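Structural overview
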Amino acid sequence: MGKTHRIGVIPGDGTGPEVVAEGLKILKAVAEKTDAEFDFIQYDFGGERYLRTGEILPDLAIEELGQLDAIYLGAIGHPDVKPAILEKGILLRLRFSLDQYVNLRPVKLYPGVETPLKDKGPEDIDFVVVRENTEGLYTGGGGFLRKGTSDEIAVQESINTRKGVERCLRYAFEYCRKRNKRNKLTLCGKTNVLTYAFDLWERAFHEIGQEYPEIERDYAHVDAICMWMVKNPERFDVIVTDNMFGDIITDLGATIQGGMGIAAGGNINPEGTSMFEPIGGSAPKYTGKNLINPLAAILAGQMMLDHLGEPEAARRVEQAVIDVVEKHMKSMEAGMMGVSTTEVGDLVVKYIQE
Ligand code: IPM
Ligand code: MN
């Protein structure tokens, strides 16, 4: 019998609980088939709890979550709560306080999934973005001066520490080595304008890169990266970048791999507690309708299995997803799939059991 993994589950807002329910169904099914074992601990943080009690995320909960083996998150964001309160108070607070310094986002087109890119297929769209997850514009200082007047000034700074940049780059080089596909790491920056932040990134990139002679070092500005992602996505193997650029290019990445319905990510602290989530939002429009695509959450579960050292379970989940996508789904978009949220989950379970 394997080790029992203790997983904190935060279904969160909107369609979060629906997709997490399917994800848990899959994790339980795969546990039966392999020697993976789980203990799920539920947390009700999110918009509803905040509106009811005023509580966002207590310090004690962070401490508790930090003791677990991983966190499985649905979605954060509620239409009745002002933007930023829950996103900053729950999602970003967890990323920062648990020091999940890498946001790992695979961009992989599965066979049978429609991409908006003409003449591109699964062999062309298969790369991974390593997004720095604890610094940059997300944690820089800033403020207003003379707010509300015509002389108003708003400042928003980007923080880039040598340590923070180095550990992210090192993770990316290691990941690229382990992945062992095209052995190419692309730094996504903006050295022609952001001459402080990306100067540091670029110097550290080439310094650390010396330790990885088998990995080709490639650099492109973020705007050019966007162009290549559309024109020639096959150019990429692993991309490493800062928090803000990583946020932006991974929405583009999700789009070329078939949409938010199938895009998953992991907030990784290699020495601590990591958190896995579908990268799309809480989709209030679809809440409670059994129409949302749970595959992003299911694939977040698959990444979690891999991270927990359960490669056989992870492989089974991914293969089942590939089967379901090819044989049963018309689209990855909510409401257009031809099957419901719970049917997708049931089908994935069926293929896992086969
Ligand atoms: C994401 C999201 C978050 C981010 C928001 C909700 C704070 O867009 O996970 O990409 O910007 O990181
Ligand atoms: Mn985003």
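Residues numbered from 1 in each chain as written. Chains lettered and ligands numbered in written order. Predicted model: local features only at pLDDT ≥ 70, side-chain atom pairs only at ≥ 80, totals over all residues. Heavy atoms only, no water.

Description of the site of ligand 1
Around ligand 1, the surrounding shell consists of Glu 87, Leu 91, Arg 95, Arg 105, Arg 131, Tyr 138 and Asp 247. Residue Tyr 138 places a side-chain N or O atom 2.6 Å away from an oxygen atom belonging to ligand 1. Here an oxygen atom of ligand 1 sits 2.9 Å away from a polar atom, N or O, in the side chain of Asp 247. Surface burial for ligand 1 is 76%, taken as the share of its 320 Å² of free accessible area covered by protein chains. Among the elements that take part in the shell around ligand 1, helix H4 (residues 85-97) stands out by supplying three residues, more than any other. Among the residues making up the shell around ligand 1, the classes are represented as two nonpolar, no polar and five charged. (Near = heavy atom within 4 Å. Polar contact = N/O pair within 3.5 Å; in protein donor to acceptor, adjacent residues only side chain to side chain. Areas by Shrake-Rupley, 256 points an atom, 1.4 Å probe, with all protein chains shown as cover. Helix = DSSP H or I, 4+ residues; strand = E, 2+ residues; numbered from the N terminus. Nonpolar A, V, L, I, M, F, W, Y, C, P; charged D, E, K, R; others polar.)

Comments concerning the pairing of strand S10 (residues 238-241)
The alternating pattern of S10 places Val 238 and Val 240 on one face and Ile 239 and Thr 241 on the opposite face, and all of these are buried. Pairing of strand S5 (residues 126-132) with S10 involves four bridges; the strand directions are parallel. Its bridge partner being in S10, Val 128 is matched across the sheet by Val 238. Where strand S8 (residues 184-189) and S10 come together, four bridges link them in parallel fashion. Residue Cys 188 lies in a different strand from S10, and its bridge partner there is Thr 241. (Buried < 20%, exposed > 50% of the residue type's maximum accessible area, 1.4 Å probe, protein only. Pairing = 2+ DSSP bridges.)

Quick look at the pattern of salt bridges
Here the idea is simple: oppositely charged side chains can pair when their charged atoms come close. Evaluation of the coordinates by the stated rule reveals 26 salt bridges. Here Arg 179 ties to Asp 126 by a salt bridge, and the two come within 3.5 Å at their closest N and O atoms. Residue Arg 179 is found in helix H5 (residues 162-179), and its partner Asp 126 is found in strand S5; the two are separated by 53 residues along the sequence. Across the salt bridge formed by Arg 162 and Glu 207, the nearest N and O atoms sit 2.5 Å from each other. (Salt bridge = Lys/Arg side-chain N within 4 Å of Asp/Glu carboxyl O.)

Considerations on the side chain of Asp 124
Tracing the backbone shows Asp 124 in the loop between strand S4 (102-108) and S5. The charged side chain of Asp 124 is buried without a salt bridge, its nearest counter-charge being Lys 120 at 5.0 Å. If we ignore the near neighbours within four places in the chain, the residues touching Asp 124 are Asp 119, Pro 233 and Glu 234. (Lys, Arg positive; Asp, Glu negative; His and termini not counted. Contact = heavy atoms within 4.5 Å.)

Digging into the packing of helix H7 (residues 222-231) against helix H8 (residues 243-256)
Contact geometry of H7 with H8 gives a least axis separation of 10 Å together with a crossing angle of 10°. Taken together, the axes of H7 and H8 are roughly parallel relative to one another. Residues Val 222, Ile 225, Cys 226, Met 229 and Val 230 of H7 form the contact with H8, whose participating residues are Phe 245, Ile 249, Leu 252, Gly 253 and Ile 256. (Axes fitted to C-alpha atoms, helices over the stretch in contact; angles between N-to-C directions. Parallel < 35°, antiparallel > 145°, perpendicular 65-115°, else oblique.)

Overview of the environment of Met 229
Mapped onto the secondary structure, Met 229 falls in helix H7. You can call Met 229 buried: its relative accessible area is 0%. Those residues in contact with Met 229 that sit more than four places away from it in its chain are Leu 117, Phe 127, Phe 236, Ile 249, Leu 252, Gly 253 and Ile 256.

Considering a nonpolar patch on the surface
A contiguous nonpolar patch, built from Leu 145, Ile 153 and Val 155 and spanning about 230 Å² of accessible area, is present on the exposed surface. Locating Leu 145 in the fold gives a position in strand S6 (residues 142-145). Of the residues examined, Leu 145 reaches a relative accessible area of 45% and is grouped as partly exposed. (Patch = residues over 30% accessible without salt bridge, like charges linked within 9 Å, V, L, I, M, F, W, Y side chains within 5 Å.)

Thoughts on the environment of Leu 187
Relative to the elements of secondary structure, Leu 187 occurs in strand S8. C-alpha separation for the pair Leu 187 and Arg 49, spaced 138 residues apart in sequence, amounts to 40 Å. Among all residues touching Leu 187, those that are not within four sequence positions of it are Leu 169, Trp 201, Glu 202, Phe 205, Asp 218, Tyr 219, Ala 220 and Val 240.

Brief notes about the state of the cysteines
The full count for this structure, using the stated rule, is zero disulfides. Cys 176 carries a free sulfur, and the closest cysteine sulfur to it, the one in Cys 168, is 13 Å from it. Residue class for Cys 176 comes out buried when judged on its relative accessible area of 0%. For the unlinked cysteine Cys 188, the closest cysteine sulfur is that of Cys 226, found at 7.2 Å. (Disulfide = S-S within 2.5 Å.)

Overview of the domain arrangement of the protein chain
Once the domains are mapped, the protein chain shows domain 1 (1-109 + 260-354) and domain 2 (115-257). Centre-to-centre, using C-alpha coordinates, domain 1 lies 24 Å away from domain 2. Contact residues are listed per partner, giving 21 residues for domain 1 and 27 residues for domain 2. Taking both sides of the interface into account, the surface hidden between domain 1 and domain 2 amounts to around 2300 Å²; carbon and sulfur atoms contribute 60%. Considering only the surface of domain 1 that becomes buried against domain 2, Tyr 101, Val 107 and Leu 109 emerge as the three largest contributors, covering 35% of it. In this structure, the connection of domain 1 to domain 2 is made through one salt bridge. A salt bridge links Arg 167 to Asp 99; the shortest N-O distance between them is 2.8 Å. Inspection of the region where domain 1 meets domain 2 yields eleven residue pairs in polar contact (both at pLDDT 80 or more). For the side of domain 1 that touches domain 2, the secondary-structure elements that each account for two or more residues are H4, S4 and strand S11 (264-268). (Domains from an automatic or database assignment. Buried area = accessible area lost by both parts, 1.4 Å probe.)

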